[in-house]
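Survey of secondary and tertiary structure
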Amino acid sequence: MTVSTMFLRGLTFGVAAAGLIAVAPAQAKVEGNTIVLGSAISFTGKYSTNGIHAKNGYNLGVKRINEMGGVKVGGKAYKLKIIYYDDESTPLRTAQLAERLIKQDGVKYFLGPYSSATTKALAPITEKYKIPMVEAEGASRSLFNKGYKYIFAVLSTSEQYLASSIALAAEIAKKNGKDPSSVKVAMAFENDPFSLDVRAGVLDDMKKFGMKAVIDDKLPRDLSDMAATLTKVKALRPDLLVISGHSKGAATAARQIAEMKIKVPMIAMTHCEAAKIVQKFGASTNDYLCPTQWAETLSYKGAAFGTAGEYDKLFKKTFKGYKNVPYQSAQATAAVLVWKDAFERANSFDTEKVRVALTKTNMKTFYGNIKFSKGGNNIAKPMVLRQIQNGEFNVVAPSEWASHKVNWPRK
Amino acid sequence: MLDNIYLLIQAPLLNVQILLDGLFVGSIFALAAYGLALVWGVMNVKNLAQGDFVIMGGYTAWLLSTWGIHPIFGLPIAMVLMFGFGWVVYVVIIRRVIDKDMFTSLLATFGLALVIQQLLNLAFGPEVQVAESHFAINSFFDGLVTVANIKFISLLLAAGLAAMVVGFMKFSRMGQAIRATAQDARAAKVMGIDTDRIYAFTFSLNAAICGAAGALISMIWVIQPFFGIGHSIRSFVVVTAAGLGNLPGVIIAGLSLGGAELYSGFVFGAELQQFSVVALLVIVLAVRQVQQRRHRQAVK
């Protein structure tokens, strides 16, 4: 027998053995006194930064709940644990890993991945296996109008992201004695599911006020130049410029708005913080409006973490290197809190009972109120709009949560 | 679309802005494309990692700028580092595929492009980065036309670098040897030229040129680990349009590509801005095909 055939035989045997181990009886969803949650989330690839923010959020939620005595089901306290896999930021991989979590690891309770795209790939699988998933990072509204029964999202859906800026523009127009329908809007949205959702929300609200879009550009996926769009902005002088294109869109826009000295009374864009535009472009970003799911200055309060501000402090203490706590982390933590609440109310580990409990969720947390619609999205928490004022992010809308007055027009 | 054309007629100054922006960025496209033409012409290697070399240069300048070195001074450092990187890549990969068929070198450089993207992503994360020059921005015509000084400087730098490379190719011994190798590698070998070294140098020179282009891109545009492919495609378009060894052609094609991108972005909307690059490639290839057919018929 030659070395190579020996090697081949060894390899075949090894693969077969690995295969046997792989199909070995699945571990239980509750091991001893530990409830196992599973998540396929992005540690590498293009979503890695936010994927890791989300993981930190999940971990802090688990840590806090375990420290506070765990989850009480049937008079017994259980600890939480999460099994993670890296989906490499590719939806296909998320779907594969979800099957693996369900079939091999026997996980019965899911935490979501990062991004709408990966969540979209995962949802049909959790539906198929009837595995409830509480997700915190997929905001596309297409996730919630498919009739899925096992998906629950703690965050506001994406069409709400910039809609509030339209309402604010209308409010300001009225205050200045103008008809809201006279407001001219310039739109630049990336051509991807999330940004197009944001655009749909903006369009809905514009229709409500009878506003006109003077520019409606769709930005390409690997966008590195917006000069052409901004030249149009310069010529048409809109009253409001709305931009959504993830971090790269925000960074490109902020750079070129400064460079081309674009003067628009109101500029609203998503992902200001993720793109670190204040650190990168300084004072030129003053008076930008940026929507956020959550801010540490909001007066939300809940049992596990206290106020939003207290969560902020604890997070920064637990994870070094954070100057600001990203909302991606906060909502991830909130998802873990939802699981604890649902287990305790269901008082059972039966997935169906837990799912029913999830549909009846109605809780107050540091992240805001959480209550799910029939489609599974959170309808109890608004999106808030913050304005960059001298480098600080201050909440300016909706007025119920506003801590500062909006600066208008921007200089 | 018609509104946008109407807008250009109504406010002709907008054309100035678009043309200037096209010129600034087109000069950098031309620079990167010249590097590609060099490697293609001398070694017959079609470097699909060209754009990723550009992005690597950009990250070098950006990284240095976070350490307090101004990106303009980061540019020569990026060139030197990329030169070294190019040499290593040549020795490790390119030398082994250079005399294989075209697909081997395409696959090898494509693989290299993927590896570079993922390594950059692992090292720096997927965020968009910019190297800030903190230079002033000038407005003309009541703010309708703005020119950032850094864009103007980058144009001068790109032109200066191109001139240096051309001078080097024309007058230095190494440049002569490169040209000799490009004309006939076997004859050059017979004349005592170490063609392997020439290839290594050419490939590294291309990497250095890309490093410079990338540093400029990081100063006037934005960089991200996965943006390389766009620059690769642009380089290919420019080289295919201009033809190998046609330096004035590369410059004209690069500048026109910059202008075409911005005009199509303005008229058709940003979503078709990069589409125009690919559309141009198709048109150029079709035109070339027709030209060559005519040529062949004439030979018959």
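Just so it is clear, the model here is predicted, and its values are computed rather than measured. (Residues numbered from 1 in each chain as written. Chains lettered and ligands numbered in written order. Predicted model: local features only at pLDDT ≥ 70, side-chain atom pairs only at ≥ 80, totals over all residues.)

Description of the interface of chain A and chain B
Using the following cut-off: Residues are scored as being in contact if the C-beta atoms we place from backbone atoms lie within 7 Å. Secondary structure elements are taken from DSSP: a helix is a run of H or I of four residues or more, a strand is a run of E of two residues or more, and numbering for both begins at the N terminus. Basically, the charged four are Asp, Glu, Lys and Arg, the nonpolar ten are Ala, Val, Leu, Ile, Met, Phe, Trp, Tyr, Cys and Pro, and anything else, Gly included, counts as polar.
Taken residue by residue, the interface counts 32 residues in chain A and 36 residues in chain B. Considering every element that reaches the side of chain A that touches chain B, the biggest residue donor is helix α7 (residues 227–236) of chain A, with seven residues. Grouping the amino acids of the side of chain A that touches chain B by side-chain chemistry returns ten nonpolar, ten polar and twelve charged.

Section: the pairing of strand β12 (residues 288–292) of chain A
Residue and element names in this part refer to chain A. We count it as follows: Neighbour counting defines burial: a residue surrounded by 20 or more other C-beta atoms within 10 Å of its own C-beta is buried, one with 12 or fewer is exposed, and intermediate counts give partly exposed, using backbone-placed C-beta atoms. By the convention used here, strands pair only if DSSP detects at least 2 bridges between them.
Along β12, five of the five residues are buried, which leaves the element largely enclosed by surrounding structure. On β12, burial covers both faces: Tyr288, Cys290 and Thr292 on one face and Leu289 and Pro291 on the other are all buried. For strand β11 (residues 266–269) and β12, the ladder comprises two bridges, and the chain directions are parallel. Bridge pairing links Ala268 to Leu289 in β12.

Things to note about unusual backbone geometry
All names here are of chain A. The peptide bond linking Ala397 to Pro398 adopts the cis configuration, its omega dihedral lying at -5 degrees. Here Pro398 is to be found in the segment after β18 (392–397). For the bond from Trp408 to Pro409, the omega torsion is -10 degrees, close enough to zero to count as cis. Within the fold, Pro409 resides in the segment after β18. Phi is positive for Ser115, close to 100 degrees, though the residue is something other than glycine. Among the secondary structure elements, Ser115 is positioned in the loop between β5 (109–111) and α4 (116–128). On the basis of neighbour count, Ser115 is assigned to the buried category, with 28 C-beta atoms found within 10 Å.

Notes on the sheet that holds strand β17 (residues 384–389) of chain A
Residues and elements named next belong to chain A. Selection rule: Orientation is described by lines fitted to C-alpha atoms, with helices fitted over the stretch in contact, and by angles between N-to-C directions that extend from 0 to 180 degrees.
Taken together, seven strands build an open sheet; the order of strands is β9-β8-β10-β11-β12-β17-β18 and the sheet is mixed. Both edges of this open sheet fall to β9 (212–219) and β18, since each of them pairs with a single strand only. Adjacent strand axes in the sheet meet at a mean angle of 25 degrees, parallel and antiparallel pairs treated alike. Here seven bridges tie strand β8 (residues 184–190) to β9, and the two strands are oriented parallel to one another. The residue of β9 that forms the bridge with Met187 is Asp216. Most of the contacts of helix α6 (residues 193–209) go to β8, to which it runs at about 165 degrees, and overall it touches β8, β9 and β10 (240–244).

A look at the confidence of the model for chain B
Residue and element names in this part refer to chain B. Condition: Looking at any residue, its pLDDT shows the predictor's confidence there, from 0 to 100.
Per-chain confidence: chain B averages 89 in pLDDT, with 98% of residues scoring 70 or above. Mean pLDDT values over the elements of chain B span from 78, in helix α1 (residues 2–10), up to 95, in helix α3 (residues 50–66). Prediction confidence for the complex, expressed as pTM and ipTM, is 0.79 and 0.80 respectively.

Notes on the packing of α7 of chain A against helix α2 (residues 13–43) of chain B
The line we're drawing: Here is the rule for angles: anything less than 35 degrees is roughly parallel, anything more than 145 is roughly antiparallel, 65 through 115 is roughly perpendicular, and the remaining ranges are oblique. Crossing handedness follows the turn of the near helix against the far one: under a right angle anticlockwise gives a left-handed crossing, and clockwise gives a right-handed one.
Between α7 of chain A and α2 of chain B, the least distance of the axes is 10 Å, while the angle of their chain directions is 160 degrees. Classed by the angle they form, the pair α7 of chain A and α2 of chain B counts as roughly antiparallel. With respect to the hand of their crossing, α7 of chain A and α2 of chain B are arranged in right-handed fashion. In this structure, α7 of chain A contributes Ala227, Ala228, Thr231 and Ala235 of chain A to the contact, and α2 of chain B contributes Leu14, Gln17, Ile18 and Asp21 of chain B. Split by residue class, the contact of α7 of chain A with α2 of chain B holds five nonpolar, two polar and one charged.

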